[in-house]
Amino acid sequence: MICDNLSVNNGHLNFAGVDTVDMAAKYGTPLMLLDEGKIREKCTIYRNAMKKYFTPDSMPLYASKALSFKYIYKIIASENIGIDCVSAGEIYTAHQAGFPLERAYFHGNSKTDSEIRFAIEHGVGHFVCDSVEEVAAVNEIAAEMGKVQKVLLRITPGIDPHTHKKISTGSVDSKFGVAIETHQAYELVEGVLKLENIGLDGFHCHIGSQIFEYDPFCDAARIMIRFIADIKKMYGYEAKTLNLGGGMAVRYTEDDPEIDYDANIKGIAELVHSLCDEFGVKMPNILMEPGRSIVADAGMTLYTAGYLKEITGLKNYISIDGGMTDNPRFALYQSPYTVLLANRMDEASDYKCTVAGRCCESGDIIQEDVMMPKPKRGDTVAVLTTGAYNYAMASHYNKVPKPEVVMIKDGEDFTVIKRETYESMISNEI
Ligand SMILES: *Cc1c(COP(=O)(O)O)cnc(C)c1O
């Protein structure tokens, strides 16, 4: 199986030690299951590796856009790591969960004045500023509030990490950050150092997502350490922090290679230490922002199979009781997924069919041409590795309620997000 929290017992798929078919019967479908032990295991790998290989104050920040709800912020808080937030809504949710916001980093290329004010008021530790105008706005609002706001500046290193173009963010023409190539990054730093209500802590870059090799991170680190050295020479300012962003991959299918996160971090750290020596700068504290690799394989989605449509000589479709409303990723970027019939794991996978969602869109597909036992109405369809960017991207299209989310912890199951009701869906409608 693609992850060690999966097994088979009596022909049923088990996840985090529980029978998924029982879970579907108990809670109904569509249902998202989460494995708390796996989330904590990943936090621990990142936290320990970063302290050990970079510096004792280096730390992972969970990129909470991957899956944002109250209980997960409690897990992250107790794991003693930070978070990356991209909206006042995420900051609010973390705050409601009691997350210590001094460990939060506020991202985003379009922060509004009211969000900036909200974040400063709530004591968000750092902003990651994306543009010249944003830094000016933060400076002005912080001044009004009598505060000095710590910031990192988002720099575009000009790297192509060989991933899908919609999740590649580090190249010079990106909508994110300020480019080194055009010299605008240097001008930004020069300007920021003069602002009284901004405390510059260092720099940030994020090259993209679902990156398997660690070379692109090394390329980014090289460019960023050279940038830090240039800035030191030009303006006498030495960065305390370098945030290398998120983007480490996860396994969605058996075709994906195994990933050793500890070894990747070690490899990046060795290079960063040697680059600091080479360029004559002090080793900064390193931050990384894993989102997908913290939660993706800690999640799975269960559906109930609907109708089997066999188009003679052409294609077979099995419909399910969810789809792009809870998992839009195939529709957005043809993401690969492993799909299993959770109640028939002992049978041969000798039937090819496409798993189709319930929405009125031909593009509402979960996965094309999957091999499975010939499905029938009422089977439990399991889609693996759905912890990241599924529930977080869920919508009410076709007025489909969002699914229930159930956490599994030490073999116990409990609801962490209730299933939406028709009433709750229309609660804002006049
Ligand atoms: C999306 C994003 C992340 C998380 O990326 P993953 O691929 O989920 O690890 C981290 N940092 C920034 C700035 C992002 O935009």
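The structure contained in this document is the topic of the report that follows. None of these values were measured; they are calculated from a predicted model.

1. A closer look at the site of the ligand
No. 1: Taken together, 15 residues lie around the ligand, and Lys65, Ser209, Glu289, Arg292 and Tyr389 are the ones closest in.
No. 2: Within the complex, 93% of the 390 Å² of free accessible area of the ligand lies under protein.

2. Quick look at the packing of helix 5 (residues 113-121) against helix 6 (residues 132-144)
No. 1: Two elements in contact, helix 5 and helix 6, have axes separated by 10 Å at closest approach and are oriented at 50°. One way to sum up the angle between helix 5 and helix 6 is to call them oblique. Relative to helix 6, helix 5 is oriented so that their crossing is right-handed. In contact with Asp113, Ile116, Arg117 and Ile120 of helix 5, helix 6 contributes Ala137, Val138, Ile141, Ala142 and Glu144.

3. With respect to helix 9 (residues 261-279)
Residues spaced three or four apart along an α-helix face the same direction, because each turn holds 3.6 residues.
No. 1: The terminal C-alpha atoms of helix 9, which comprises 19 residues, lie 27 Å apart, in line with the 27 Å expected from a rise of 1.5 Å per residue.
No. 2: Taken residue by residue, helix 9 has Tyr261, Asn264, Ile265, Gly267, Ile268, Ala269, Val272, Leu275 and Cys276 as its buried positions.
No. 3: In this structure, the buried residues of helix 9 make contact with helix 2 (36-53), helix 8 (215-235), strand 13 (285-288) and helix 10 (292-295).
No. 4: Two or three places before Asp262, at the opening of helix 9, Asp260 has a side-chain oxygen 3.3 Å from that residue's backbone nitrogen.
No. 5: Positive backbone phi, approximately 70°, marks Gly280, located one or two places after helix 9.

4. Overview of the packing of aromatic side chains
No. 1: Taken as a whole and judged by the stated rule, the model has 8 aromatic pairs.
No. 2: When the ring of Tyr186 is compared with that of Phe227, the centres are 5.1 Å apart and the planes differ by 55°; the resulting orientation is tilted. Placement of Tyr186 in helix 7 (residues 184-192) and of Phe227 in helix 8 is noted, with a sequence separation of 41 residues between them. Note on accessibility: Tyr186 and Phe227 belong to one class, buried.
No. 3: With 5.0 Å between their ring centres and 75° between their planes, Phe203 and Phe227 make a pair best called edge-to-face. With Phe203 in strand 11 (residues 198-204) and Phe227 in helix 8, this pair connects stretches of sequence that are 24 residues apart.
No. 4: Here Phe203 falls in the buried class, since its relative accessible area comes to 0%.
No. 5: Put simply, the rings of Tyr186, Phe203, Phe227 and Tyr237 touch in pairs and so form one group of aromatic residues.
No. 6: In this structure, Lys111 packs its charged tip against the face of Phe106, placed 5.4 Å from the ring centre.

Calculation notes
- Residues numbered from 1 in each chain as written.
- Predicted model: local features only at pLDDT ≥ 70, side-chain atom pairs only at ≥ 80, totals over all residues.
- Heavy atoms only, no water.
- Near = heavy atom within 4 Å.
- Areas by Shrake-Rupley, 256 points an atom, 1.4 Å probe, with all protein chains shown as cover.
- Axes fitted to C-alpha atoms, helices over the stretch in contact; angles between N-to-C directions.
- Helix = DSSP H or I, 4+ residues; strand = E, 2+ residues; numbered from the N terminus.
- Parallel < 35°, antiparallel > 145°, perpendicular 65-115°, else oblique.
- Left-handed = near helix turned anticlockwise from the far one by under 90°.
- Contact = heavy atoms within 4.5 Å.
- Expected span 1.5 Å × (residues − 1).
- Buried < 20%, exposed > 50% of the residue type's maximum accessible area, 1.4 Å probe, protein only.
- Polar contact = N/O pair within 3.5 Å; in protein donor to acceptor, adjacent residues only side chain to side chain.
- Phe/Tyr/Trp six-rings, centres within 6.5 Å; stacked < 30°, edge-to-face > 60°.
- Lys NZ or Arg CZ within 6 Å of the ring centre and 35° of its normal.

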